[in-house]
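So you can see what is in the structure, the chains are spelled out below.
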Amino acid sequence: MALSKAQQANADAYLERFMHGLERRNPGEPEFHQAVHEVARDIIPFLEDRKAYKEAHILDRMTEPDRIIVFRVCWTDDDRNVRVNRGMRVQFNNAIGPYKGGLRFHKNVNLSVLKFLGFEQVFKNSLTTLPMGGAKGGANFNPHGKSDGEVMRFCQSFMTELFRHIGPYTDIPAGDIGVGAREVSYLFGQYKRLQNQFTGTITGKGLEFGGSLIRTEATGYGCVYFAREMLATRGEEIAGKRCVVSGSGNVAQYTAEKIVQLGGKVLTLSDSGGFIHDPDGIDEEKLAWVMALKNERRGRISEYTRKWEGSTFHEGKRPWSVPCDLAFPCATQNELHADDADTMVANGCQLVSEGANMPSTFDAINVFLNNKILFGPAKAANAGGVAVSGLEQTQNAMRLSWSREEVDKQLLEIMQSIHSKCVEYGREGEFTNYVRGANIGGFIKVADAMLAYGVI
Ligand code: NDP
Ligand code: 2IT
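Let me sum up the structure you'll find in this document.

This part takes up the site of ligand 1. For ligand 1, the set of nearby residues contains 25 residues, the closest of which are Asp176, Thr219, Ser272, Arg300 and Asn357. For ligand 1, an oxygen atom lies 2.9 Å from a polar atom in the side chain of arginine 215. Between ligand 1 and asparagine 357 there is a distance of 2.8 Å, counted from an oxygen atom to a side-chain nitrogen or oxygen. Listed by contribution, the elements that provide at least two residues to the shell around ligand 1 are α8 (215-232), α9 (250-261) and β7 (265-271). A per-class count over the shell around ligand 1 returns five nonpolar, 14 polar and six charged.

Taken together, 14 residues lie near ligand 2, and Lys100, Lys124, Asp176, Arg215 and Ser389 sit nearest. The contact in question runs from a nitrogen atom of ligand 2 to an N or O atom on the side chain of aspartate 176, over 3.0 Å. Protein contact buries 94% of the 300 Å² of open area that ligand 2 shows by itself. Put simply, the parts of the chain that give the shell around ligand 2 at least two residues each are β3 (99-105), α5 (111-127) and α15 (384-398).

A few words now on α5. Taking 1.5 Å per residue, 17 residues should reach 24 Å; α5 reaches 24 Å between its end C-alpha atoms and fits that length. A large share of α5 lies buried, amounting to 16 of its 17 residues. Positive phi shows up at threonine 129, right after α5, with a value of about 80 degrees.

The end-to-end C-alpha distance of helix α10 (residues 284-296) is 17 Å, a good match for the 18 Å that 13 residues give at a rise of 1.5 Å each. At its buried positions, α10 is contacted by α9, β7 and α11 (304-307). Where α10 begins, one side-chain oxygen reaches toward the backbone nitrogen of glutamate 285, 3.3 Å away; that side chain belongs to aspartate 283. Directly beyond the C-terminal end of α10, a positive phi value near 55 degrees is found at arginine 298.

Turning to the pairing of strand β5 (residues 171-174), a few remarks are in order. Residues in a regular strand project their side chains so that they alternate between the two faces of the sheet. Judged by which residues are buried, β5 turns out to be covered on both faces: Asp171 and Pro173 on one side and Ile172 and Ala174 on the other are all buried. With four bridges connecting them, β3 and β5 associate as parallel partners. Looking at the pairing, glycine 102 lines up with alanine 174 of β5.

Moving on, we come to the sheet that holds strand β4 (residues 134-139). Working definition: the strands of a sheet are paired by backbone hydrogen bonds and lie parallel or antiparallel to each other. Reading across from one edge, β1-β2-β4-β3-β5 is the order of the five strands in this open sheet, with mixed pairing throughout. In the strand order of this sheet, the two ends are held by β1 (67-76) and β5, each with one partner. Each neighbouring strand pair of the sheet contributes to a mean axis angle of 20 degrees, computed without reference to strand direction. Direction of pairing for β3 relative to β4: parallel, over a ladder of three bridges. Across the sheet, the residue bridging to leucine 103 is glycine 137, located in β4.

Quick look at the side chain of threonine 361 now. With respect to the helices and strands, threonine 361 occurs in the loop between β11 (351-353) and α13 (362-370). Residue classification places threonine 361 among the buried residues on the basis of a relative accessible area of 15%. Ignoring any residue separated from it by four or fewer positions in sequence, one finds threonine 361 in contact with Gln34, Asn334, Leu336, His337 and Ala338.

Inspection of the entire model under this criterion finds 23 aromatic pairs. Judged by centre distance (5.3 Å) and plane angle (75 degrees), the ring pair of phenylalanine 105 and phenylalanine 158 falls under edge-to-face. Here phenylalanine 105 is found in strand β3, whereas its partner phenylalanine 158 is found in helix α6 (residues 148-162), with 53 residues between them in sequence. Phenylalanine 158 carries the same exposure label as phenylalanine 105, and that label is buried. The ring centre of phenylalanine 141 lies 5.3 Å from the NZ or CZ of lysine 146, which sits over that ring. Of note, lysine 205 hangs over the ring of phenylalanine 188, and the distance from its end group to the ring centre comes to 5.7 Å.

Next up on the list: the sheet that holds β7. Here we have seven strands laid out as an open sheet, ordered β9-β8-β7-β6-β10-β11-β12, and mixed in their pairing. Looking along the sheet, the strands with just one partner apiece sit at the ends: β9 (312-315) and β12 (374-376). Looking at each pair of strands side by side, their axes are set apart by 15 degrees on average, direction ignored. As paired elements, strand β8 (residues 274-277) and β9 share four bridges and run antiparallel to each other. Residue pairing in the sheet places glycine 274 in a bridge with glutamate 315 of β9. Each of β10 (326-328), β11 and β12 touches α8; the most contacted strand, β11, lies at about 150 degrees to it.

Turning next to the pattern of salt bridges. The tally for this structure, following the rule as stated, stands at 25 salt bridges. Arginine 153 is the salt-bridge partner of aspartate 78, the closest N and O atoms lying 2.8 Å from each other. Of the two residues, aspartate 78 is situated in the loop between β1 and β2 (82-93) and arginine 153 in helix α6; the sequence distance between them amounts to 75 residues. Taking the relative accessible area as the measure of exposure, aspartate 78 reaches 44% and is therefore partly exposed. By relative accessible area, arginine 153 is classed as partly exposed at 26%. The residue aspartate 176 makes a salt bridge to arginine 104 at a minimum N-O spacing of 2.7 Å. Residue aspartate 176 is located in the loop between β5 and α7 (181-195), and its partner arginine 104 is located in strand β3; the two are separated by 72 residues in the primary sequence. In terms of burial, aspartate 176 and arginine 104 fall into one category: buried. Residues participating in the shared-partner salt-bridge network are Glu38, Glu120 and Lys379.

Conventions we followed
Residues numbered from 1 in each chain as written. Chains lettered and ligands numbered in written order. Predicted model: local features only at pLDDT ≥ 70, side-chain atom pairs only at ≥ 80, totals over all residues. Heavy atoms only, no water. Near = heavy atom within 4 Å. Polar contact = N/O pair within 3.5 Å; in protein donor to acceptor, adjacent residues only side chain to side chain. Helix = DSSP H or I, 4+ residues; strand = E, 2+ residues; numbered from the N terminus. Nonpolar A, V, L, I, M, F, W, Y, C, P; charged D, E, K, R; others polar. Areas by Shrake-Rupley, 256 points an atom, 1.4 Å probe, with all protein chains shown as cover. Expected span 1.5 Å × (residues − 1). Buried < 20%, exposed > 50% of the residue type's maximum accessible area, 1.4 Å probe, protein only. Contact = heavy atoms within 4.5 Å. Pairing = 2+ DSSP bridges. Axes fitted to C-alpha atoms, helices over the stretch in contact; angles between N-to-C directions. Phe/Tyr/Trp six-rings, centres within 6.5 Å; stacked < 30°, edge-to-face > 60°. Lys NZ or Arg CZ within 6 Å of the ring centre and 35° of its normal. Salt bridge = Lys/Arg side-chain N within 4 Å of Asp/Glu carboxyl O.

If you want it as structure tokens, here you go:
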């Protein structure tokens, strides 16, 4: 609904005051400011004629985490040196269900990054339709170059503190950057040992001990399902499209796999060293090689060019200059800037579906929206991962396991329902602003629950 001029002016002034206050209360946290700004510029105009939310200060309450736990993690490396890292868990909001969200192990992890991720998770989890609150955690631990033994000792030490703050009805962590099958196994093993209880308190578990089929694939598959829904609104499909994917970890791998299955052509993958461009397309055989490289040998993407003829490696660069129809940023935050977005639009890119969390800068998003590109924001497009985590919890609670087909069907239905919700709240004439749709669609359920509880 369009606002009157006076309402718009009121909302603009409120947004400025609100962001000023948030930045003052949370100094030195640019990623957190960015994530809140992107949400607040949609929510504040929406609040203009919704007095109940405004008077209850719901947005102020939603931008203040319920609690943050910070702890020391000591471990010994293979040379018997004592190492010290910082572990954290931001329990952001449990209005609609127990805290839920991943753990990130990366050298750049800090409170700003975990607060932005936890804040986004609240909206994302609400959009899935499942009863999950939002959280994020992790450590400034760099798993690159560490032995299995070192990773195990780190995970065990990390969990020795975290275990007292989590539980199946309290907080259920999962993986994220640097936390995959190996790390989840070490973390869950230590949790189970300390609690002396077998509960589904972590998701993304191995299939032998309570994991769900399709959880590994879910974020990437879901991101492509979401892209397919967006394309269908313009009578288009994935088949035959040139696709640029960044990253080469869990999300990028299964985004690429689903694109290939649907007949699209994957031209690029990347890691923190640069990107590879394969003009012939990264097919199933090449992708299987990449999965072994990354998941087993833990190598660098640059090695791709030595194996696959015709491909090139672009050191220190991101893949956005490669002309494409569809783009899937699946590596990390702020990896796609406004000048990249300009280049993509000029090259005829029609769609961006965010597999990573906040990969596009605020200005890049504006370029996509101003050019009426189909832009699927992270909290909608990558919600498939946490959605299947929710389904893993359901299976754990029922003490049974669903088939691949059953979980994939539920994942698809959830991505379709998220798409519908974005269209419902993001429609602007012929165009759907999926950013606004996801922000408002995610906000309402959490806000209503908070209103119902009174002032807490
Ligand atoms: P992985 O650790 O499996 O892979 C991360 C990938 O991103 C690697 O290729 C890594 O390269 C690259 N990367 C990390 N940091 C940087 C950087 N600073 N610059 C360039 N490349 C970088 O993580 P995931 O695939 O699980 O996560 C990728 C993104 O998807 C993250 O934003 C995450 O929050 C998001 N996400 C993940 C979900 C999941 O279920 N796993 C669910 C929803 C979102 P390198 O190896 O060189 O570091
Ligand atoms: O960002 C995310 O949604 C995740 N890393 C997955 C969280 C989860 O609980 O599965």
